[in-house]
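Working through the structure, step by step
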Amino acid sequence: MKYIRKILVLIIVAVMLASVAIGAGVIFAVKNVNVDLISYTCEGGSEEALDMLSDIKKAVLKEVKGTLISFTDENKAAASLDGEKFYITEFEKVYPCTLNITVKERREMFAVAESDGTYTVYDDNGLVLRKAQTAEEACNKADGLPNLEVKGALDNDFKNIANICKIFADKFKSVRSLVACATLSNGLENSFTFDLRCGSKIVIYDYTVLTTEKISAVYDYFSELSGDKKIKGEIHCLVNADNEIFATYKG
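These remarks concern the structure in this document. What you see is a predicted model, and the numbers here were worked out from it, not measured in a lab. (Residues numbered from 1 in each chain as written. Predicted model: local features only at pLDDT ≥ 70, side-chain atom pairs only at ≥ 80, totals over all residues. Heavy atoms only, no water.)

**Thoughts on the nonpolar core**
Applicable threshold: For the purposes of this section, nonpolar cores are sets of buried Ala, Val, Leu, Ile, Met, Phe, Trp, Tyr and Cys residues that join through side-chain atoms within 4.5 Å. Relative accessibility thresholds used throughout: buried, under 20% of the residue-type maximum; exposed, over 50%; partly exposed, between the two (1.4 Å probe, protein chains only). Each helix is a run of DSSP H or I of at least 4 residues and each strand a run of E of at least 2, with the numbering of both proceeding from the N terminus. Throughout, a residue-residue contact means that at least one pair of heavy atoms, one from each residue, lies within 4.5 Å.
Judged by nonpolar contacts, the single largest core of 33 residues is most densely connected at Phe110, Ile161, Phe168, Phe192, Phe194, Ile202 and Ile204. Looking at which element gives the most residues to this core, the answer is helix α4 (residues 158-172), with nine residues. Look past the residues within four positions of Phe194 in its chain and what remains in contact with it is Ile164, Phe168, Val179, Cys181, Ala182, Ser200, Lys201, Ile202, Ile204 and Ile215. Core analysis: the second largest hydrophobic core is formed by 17 residues, Cys42, Met52, Phe86 and Val103 among them.

Quick look at the structure:
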């Protein structure tokens, strides 16, 4: 009789533990996903943006719904996204059952021609976005126009290139529409040259240092140039002996 009671107690304890585990699994299983979207191809609040947001939310929720929130990580959520278009910049768990994520659309920033005639397209973080067999295929998927082609780049340059192109685009309000191509010189000058479509050039020396300040100085200088100077010559931006940033024009 004593053994029967012990067995009954063990069975009851086991049932209770199983109930708690099942209950916890239900309570702490992912049920909701909140998504913020940063897009470059459609305006926030537009029908296109809302459709894109809805599709992303459905895809993520399909991937993670029902999994224990403690075992759900950013990689699992990211697995539901098209890696050529989106990536997760913020990932937050809100217990007991909600995920808050920010998804950013990858922005095509520049392309590099390879020795075999193919092209590699990079995003605004300097990461490989996609490969293209021809110059046509390397055009920007957002509008079909050519991406900025960068020459002279080495493997460890791409993040710095993306940074200066992004800063240029933010300051000048565009990069592809203004710049035909860009050239990186890895010598003592460590310069980055923008060949503008209007005919002139902008040369940034030691381009990885004080990049934002140098682009701002060039923008201010370029804005003050006369029309005839904007279509020829070169604007050089560098730092003098007193560590002051300045721009100068060479006709």
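**Remarks on the sheet that holds strand β3 (residues 98-105)**
How we decide: In this analysis, strands are considered paired if DSSP registers two or more bridges between them. Structural elements are reduced to axes, namely lines fitted to C-alpha atoms, with helices fitted over the stretch in contact, and the angle between N-to-C directions of any two is expressed from 0 to 180 degrees.
The strand order across the open sheet formed by three strands is β1-β3-β2, and the pairing between neighbours is mixed. Each edge of the open sheet carries a strand with a single partner, namely β1 (32-38) and β2 (86-94). Taking each pair of neighbouring strands and ignoring which way they run, the sheet shows an average axis angle of 20 degrees. One ladder, built from seven bridges, connects β1 with β3; its direction is parallel. Opposite Asp36, over in β3, you have Thr102 as the bridge partner.

**Observations concerning a negative patch on the surface**
The test is simple: Any residue with relative accessible area above 30% and no salt bridge may belong to a patch, with like charges joined within 9 Å and the nonpolar Val, Leu, Ile, Met, Phe, Trp and Tyr side chains within 5 Å. Per-residue accessibility takes into account occlusion by the displayed protein chains alone, with areas from the Shrake-Rupley method and a 1.4 Å probe. One side-chain nitrogen of Lys or Arg within 4 Å of one carboxyl oxygen of Asp or Glu is enough to make a salt bridge. Residues scored as positive are Lys and Arg, those scored as negative are Asp and Glu, and His as well as the terminal groups of each chain are ignored. Every charge is mapped onto a representative atom, which is NZ of Lys, CZ of Arg, CG of Asp or CD of Glu.
A surface patch of like charges, here negative, comprises Glu47, Glu48, Asp51 and Asp55. Along the chain, Glu48 falls in helix α2 (residues 47-64).

**Regarding the pattern of salt bridges**
Enumeration according to the criterion identifies seven salt bridges in this entry. Note that Arg107 and Asp124 form a salt bridge whose closest N and O atoms lie 3.5 Å from each other. One end of the pair, Arg107, is in the loop between β3 and β4 (108-113); the other, Asp124, is in the loop between β5 (119-123) and β6 (128-132), with 17 residues separating them in the sequence. Taken together, the shared-partner salt bridges connect Lys104, Arg107 and Asp124 into one network.

**As for a nonpolar patch on the surface**
Taken together, the side chains of Ile27, Phe28, Leu68, Phe71 and Tyr95 define a hydrophobic patch exposed on the protein surface, amounting to about 530 Å² of accessible area. For Phe71, the location among the structural elements is in the loop between α2 and α3 (74-78). For Phe71, a relative accessible area of 66% corresponds to the exposed category.

**Here's the deal with the sheet that holds β5**
Reading across the sheet, the nine strands line up as β6-β5-β4-β7-β8-β9-β10-β11-β12 and stay open at both edges, with mixed pairing between neighbours. Each having just a single partner strand, β6 and β12 (245-250) make up the two edges of the open sheet. Averaged over all adjacent pairs, the angle separating strand axes in this sheet is 25 degrees, with direction ignored. Here four bridges tie strand β10 (residues 201-204) to strand β11 (residues 234-239), and the two strands are oriented parallel to one another. In the sheet register, Val203 faces β11, and the bridge partner there is His236.

**Some words on the packing of aromatic side chains**
The condition that has to hold: Stacked, edge-to-face and tilted labels apply to pairs of Phe, Tyr and Trp rings (six-membered ring for Trp) whose centres lie within 6.5 Å, assigned for plane angles under 30 degrees, over 60, and everything in between, in that order. Sitting over a ring, as applied to charges here, requires NZ of Lys or CZ of Arg to be within 6 Å of the ring centre and within 35 degrees of the ring normal.
The tally for this structure, following the rule as stated, stands at nine aromatic pairs. Centroid distance Phe168 to Phe194: 4.4 Å. Interplanar angle 25 degrees. Geometry classified as stacked. Separated by 26 residues along the polypeptide, Phe168 in helix α4 and Phe194 in strand β9 (residues 191-196) bring together distant segments of the chain. The same class applies to Phe168 as to Phe194, namely buried. Grouped by ring-pair contacts, the aromatic residues Phe168, Phe172, Phe192, Phe194, Tyr207, Tyr219 and Phe222 constitute a single cluster. The ring of Phe222 has Lys230 sitting right over it, with the charged end atom 5.1 Å from the ring centre.

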